[in-house]
Amino acid sequence: MDLRASRSTSMWSTCGRTTTLNALAPHRPYLRNAPSSLPFTWDAKTVRNGLNFTLTTGLGDIDLLGEVAEEVEAFGIRFKCIDLPTLIRIKEAAGRRKDQEAIAELRVLLEEMKKKQT
């Protein structure tokens, strides 16, 4: 399994920020697209004072989106995630060229979901 795949998730789960902090620490998280000279420390103070982080890690990119997340339950596990319309809005707001194809696919998926609900 390739763990280096890009990941986008809402990860401020019921496990808590400390668990997320400790889980990511060995993978050298750093602010994505920030200059390497920018001081950044992944520690309890940073996590406590932040809400949303877009990070590059040894495992790949990960987005921690606490501000827009909602708590859900699946397979007996409670966690936070974002819904499809929110993901589309976030990708549109980011304005990244690499997201344009994904946005188109997500919109088609959203339309298919809406058709099934009616």
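Being a predicted model, the structure only gives us computed values, none of them experimental. (Residues numbered from 1 in each chain as written. Predicted model: local features only at pLDDT ≥ 70, side-chain atom pairs only at ≥ 80, totals over all residues. Heavy atoms only, no water.)

(A) Expanded view of the environment of Pro26. Among the secondary structure elements, Pro26 is positioned in the loop between α1 (17-24) and β1 (30-31). Measuring from C-alpha to C-alpha, the distance between Pro26 and Gly58 comes to 8.4 Å, with 32 residues separating the pair along the chain. (Helix = DSSP H or I, 4+ residues; strand = E, 2+ residues; numbered from the N terminus.)

(B) Layout of the pairing of strand β4 (residues 70-74). Inspection of the sheet shows β4 paired to strand β5 (residues 77-81) by 5 bridges, in the antiparallel sense. If you follow Glu70 over to β5, its bridge partner there is Cys81. The antiparallel hairpin formed by β4 and β5 contains 2 residues in its connecting segment, where Phe75 sits at a positive phi of about 55°. (Pairing = 2+ DSSP bridges.)

(C) Structural detail: the side chain of Arg32. Relative to the helices and strands, Arg32 resides in the loop between β1 and α2 (44-49). A relative accessible area of 13% means that Arg32 is categorised as buried. In terms of polar contacts, Arg32 uses its side chain to reach the backbone carbonyl oxygen of Leu55, at 3.4 Å. Setting aside anything within four residues of it in sequence, one finds Arg32 in contact with Thr54, Leu55, Thr56, Asp61, Ile62, Asp63 and Arg96. (Buried < 20%, exposed > 50% of the residue type's maximum accessible area, 1.4 Å probe, protein only. Polar contact = N/O pair within 3.5 Å; in protein donor to acceptor, adjacent residues only side chain to side chain. Contact = heavy atoms within 4.5 Å.)

(D) Structural context of the pattern of salt bridges. Under the criterion given, the structure shown has 6 salt bridges. The salt bridge partner of Arg107 is Glu92, with a shortest N-O separation of 2.0 Å. Taken together, the residues Arg107 in helix α4 (residues 99-117) and Glu92 in helix α3 (residues 84-94) connect sequence positions 15 residues apart. Among the residues examined, Glu92 registers a relative accessible area of 35% and is labelled partly exposed. Across the pair Lys115 and Glu112 runs a salt bridge whose closest N-O atoms are separated by 3.7 Å. (Salt bridge = Lys/Arg side-chain N within 4 Å of Asp/Glu carboxyl O.)

(E) Just the confidence of the model for the chain, in detail. Per-chain confidence: the chain averages 80 in pLDDT, with 83% of residues scoring 70 or above. When pLDDT is averaged over each helix and strand of the chain, the minimum, 78, is found for β5 and the maximum, 94, for β1. Considering only residues more than four positions removed or in separate chains, one finds that residues 1-14, a stretch of pLDDT under 50, has 40 contacts. (pLDDT = per-residue confidence, 0-100.)

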